[in-house]
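Understanding the architecture of this molecule
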Amino acid sequence: MTQPTRQALTAFGGMAIGLAMFVIIERLVVPRYDFATPADSAIPFVPLTWPIYMLFFPFIIAMSALARERDFDSFRCAATMAFLLSFVCFVWFPEEIPRPDQATIDNAFLRQRLARLWMMDLASNGCPSLHVSITCLACRMVWPTPHRWYVAATGVLICLSTLTLKQHTLADVAGGLSMALLCAGLTARLKRQEVFHGAT
């Protein structure tokens, strides 16, 4: 098995496990907090951004296949941290995310897609946004490659789609970015310690 294939399969398996745990926690907690602000209300609901939002999953797998082995190892460590710390936040600060009325969606195909999405992904487990955290970590993973700006632009669109699809609030996105920075920093520190101890 080639390295890109192995990394892609590892990412797929990790995301499948993380998604399963996410869904389970959603059904165990009772949302108590509302982090929506007037600024969130000013952001339009754009159902057409559903494909961009769903691009998240193939995006992470593709970036994992493209990354250098050492960068993928750092991503895997940071992403695992992000998942686990976010799960703790979901339990301690369960958020109720305001969702728009499905009847306002004119396109029947998109209305059906969003209905299925919201049936599986309940209006909770919002802050921090794992969509944002993992996307940012994936962009960092492939930053050394020549495709960095195309990847970054795609990552920004995916993060913005969490707002235009009303999957997350601005607080969730800020939390997701902060979680990515925290976990990337902790991973870099662990890697430096490994190199130091290995040298001694």
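Within any chain, residue numbers begin from 1 and follow the written order of that chain's sequence. Under the rules for a predicted model, residues below a pLDDT of 70 receive no local features and side-chain atom pairs below 80 are neither given nor counted, while totals for whole chains, interfaces and linings still include all residues. Excluded from the side-chain calculations are hydrogens and water; all other atoms, namely the structure's heavy atoms, are used.

1. Some points on helix α7 (residues 130–141)
The condition is simple: In this text, helices come from DSSP runs of H or I with a minimum length of four residues, and strands from runs of E with a minimum of two, each type numbered from the N-terminal end. Expected span, for any helix, means 1.5 Å times one less than how many residues it has. Relative accessibility under 20% of the residue-type maximum defines a buried residue, over 50% an exposed one, and the middle range a partly exposed one, all with a 1.4 Å probe and only protein chains included. Pairs of N or O atoms within 3.5 Å make up the polar contacts considered here, provided that, within protein, one atom can donate a hydrogen while the other can accept it, and that residues adjacent in sequence are counted only when both atoms are side-chain atoms.
Its 12 residues place the ends of α7 16 Å apart at the C-alpha level, agreeing with the 16 Å of an ideal helix rising 1.5 Å per residue. For α7, the tally of buried residues reaches 10 of 12 residues, placing the bulk of the element in the interior. For α7, the complete set of buried residues consists of Leu130, His131, Val132, Ser133, Ile134, Thr135, Leu137, Ala138, Cys139 and Met141. At the N-terminal end of α7, a side-chain oxygen is found 3.4 Å from the backbone nitrogen of His131, two or three residues along, and the residue is Ser129.

2. Quick look at the packing of helix α5 (residues 69–92) against α7
The following threshold applies: Lines fitted to the C-alpha atoms define the axes, with helices restricted to the stretch that makes contact. Angles between their N-to-C directions range from 0 to 180 degrees. Here the angle decides the label: under 35 degrees means roughly parallel, over 145 means roughly antiparallel, 65 to 115 means roughly perpendicular, and every other value means oblique. Should the near helix be turned counterclockwise from the far one by less than a right angle, the crossing is left-handed, whereas a clockwise turn marks it as right-handed. Here, two residues are considered to be in contact whenever any of their heavy atoms come within 4.5 Å of each other. Classification used: nonpolar for Ala, Val, Leu, Ile, Met, Phe, Trp, Tyr, Cys and Pro, charged for Asp, Glu, Lys and Arg, polar for all others including Gly.
In contact at an axis separation of 10 Å, α5 and α7 are set at 165° when each is read in the N-to-C sense. Taken as axis vectors, α5 and α7 run roughly antiparallel relative to one another. As for how α5 packs across α7, the hand of that crossing is right-handed. Contact residues: α5 offers Asp71, Phe72, Phe75, Ala78, Ala79, Ala82, Phe83, Ser86, Phe87 and Phe90, while α7 offers Leu130, Ser133, Ile134, Leu137, Ala138 and Met141. Its residues assigned to classes, the contact of α5 with α7 comprises 13 nonpolar, 2 polar and 1 charged.

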